[in-house]
Amino acid sequence: DKKIIIAIDGHSSTGKSTVAKQLAKALQYIYVDTGAMYRAVTLYAMRKGFIGADHFEEDKLEEVLPEINIRFEVNPKTGIAEVLLNGENVEHEIRTLDVSKHVSKIAAVSQVRKKLVEQQHQMGVEKGIVMDGRDIGTVVFPKAELKLFMTATAKDRAERRFLELKVRDENITYEDVLKNVVNRDHIDSTRKDSPLRQAGDAIKIDNSNLTLQEQFEQILQLAKTAI
Ligand code: C5P
């Protein structure tokens, strides 16, 4: 079998990573969550106080970018890659609503994108990879053999994300989550560098009315055809 690159892009909280993980497992491919990389840089900037509710010192972040090391490490218990920020496993910390509130501003910085895209590109040289994000089919791997663009109504997406987040933080409200999902989509789609766009040759998947199983079967079929 030939190995291919599968690029999965789309709006926030559309379940890209869920299906990407299922697909990688079924095909024995590597899964890369590029959102985790932008989230890890965001966490770094938050800890340094470069970004907060009403400020963002972009120049300070750019200055320290060379000091930020992002890597993945497979958790032997789950087989899933977790993100390391300068050697520290931050897989849980990067999933909070706080990080979600700042990440799109960080991801709009060209120097941040340049650094991470270079690294993502390296990870795909041997193919056999499923990568999810916002610019994978348009910028990172414009020649990917299979490109998917996932979407669903904002209401459906916020409901799913709310149920996930509420387990860990009981103070979270549905309205906060909905606002964040809509806000991130807006910033991600309107930024100058690598805006979120459906690639011309991407297949659109609207999963508002699909079960996880139905969606997985559809996508696995597409992958098998592409391989
Ligand atoms: O995929 P996830 O929702 O974790 O991504 C978090 C944020 O990271 C996105 O809202 C977007 O601002 C940014 N991102 C990006 N390009 C990617 C992946 C994520 O700009 N390839």
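Residues numbered from 1 in each chain as written. Predicted model: local features only at pLDDT ≥ 70, side-chain atom pairs only at ≥ 80, totals over all residues. Heavy atoms only, no water.

1. Topic: the pairing of strand β9 (residues 146–151)
Now for step 1: Counting buried positions along β9 yields 6 of 6 residues, so the element is predominantly enclosed.
Now for step 2: Alternating residues of β9 divide into Leu146, Leu148 and Met150 and Lys147, Phe149 and Thr151, and every residue in both groups is buried.
Now for step 3: Here strand β1 (residues 5–10) runs beside β9; their pairing, made up of 5 bridges, is parallel. Bridged to Asp9 within β9 is Phe149.
Now for step 4: Direction of pairing for β9 relative to strand β10 (residues 203–206): parallel, over a ladder of 4 bridges. What sits directly across from Met150, in β10, is Ile205. (Buried < 20%, exposed > 50% of the residue type's maximum accessible area, 1.4 Å probe, protein only. Helix = DSSP H or I, 4+ residues; strand = E, 2+ residues; numbered from the N terminus. Pairing = 2+ DSSP bridges.)

2. Focus on empty space enclosed by the protein
Now for step 1: Overall, the coordinates contain 2 cavities of 30 Å³ or more when judged by the stated rule.
Now for step 2: In this structure, the largest cavity spans a volume of roughly 50 Å³.
Now for step 3: Every residue lining the largest cavity is listed: Arg95, Thr96, Leu97, Ser100, Arg161, Leu165, Val177, Asn180, Val181 and Arg184.
Now for step 4: At the level of elements, α4 (97–107), α7 (154–166) and α8 (174–190) are the ones that each hand at least two residues to the lining of the largest cavity.
Now for step 5: Broken down by element, the residue count for the lining of the largest cavity peaks at 4 residues, all from α8.
Now for step 6: In terms of residue class, the lining of the largest cavity is made up of 4 nonpolar, 3 polar and 3 charged.
Now for step 7: Every residue along the wall of the second largest cavity is listed here: Ala7, Asp9, Gly137, Lys147, Leu148, Phe149, Arg197, Gln198, Ala199 and Ala202.
Now for step 8: The set of elements that each furnish at least two residues to the lining of the second largest cavity consists of β1 and β9.
Now for step 9: A per-element tally of the lining of the second largest cavity places β9 first, with 3 residues.
Now for step 10: Class assignment of the residues belonging to the lining of the second largest cavity gives a composition of 5 nonpolar, 2 polar and 3 charged. (1 Å grid on protein atoms, 1.4 Å probe; cavity = no way out; pocket = protein on both sides within 12 Å on 5 of 7 lines; lining within 4 Å. Points joined across faces, edges and corners; volume = space filled by probe spheres on them. Nonpolar A, V, L, I, M, F, W, Y, C, P; charged D, E, K, R; others polar.)

3. Here we look at the layout of surface pockets
To find leftover empty space, one rolls a probe the size of a water molecule over the atoms.
Now for step 1: Approximately 1100 Å³ is the volume attributed to the largest pocket.
Now for step 2: For the second largest pocket, the calculated volume is near 400 Å³.
Now for step 3: Lining the second largest pocket are 17 residues, and of these Tyr29, Ile30, Tyr31, Gly79 and Ala81 lie nearest its centre.
Now for step 4: Those elements that provide at least two residues to the lining of the second largest pocket are α1 (16–27), β2 (30–33) and β5 (70–74).
Now for step 5: Ranked by the residues each element gives to the lining of the second largest pocket, the list is headed by α1, at 4 residues.

4. Some remarks on the environment of Ala226
Now for step 1: By the secondary structure assignment, Ala226 is in helix α9 (residues 212–226).
Now for step 2: Between the C-alpha atom of Ala226 and that of Lys179, which follows or precedes it by 47 residues, the distance is 37 Å.

5. Description of the side chain of Gln215
Now for step 1: Positionally, Gln215 belongs in helix α9.
Now for step 2: Note on Gln215: relative accessible area 3%, which makes it buried.
Now for step 3: Every residue in contact with Gln215, bar those within four places of it in the chain, is listed here: Gly15, Val19, Met150, Ile205, Asn207 and Leu210. (Contact = heavy atoms within 4.5 Å.)

Honestly, it's all geometry; don't read function into it.
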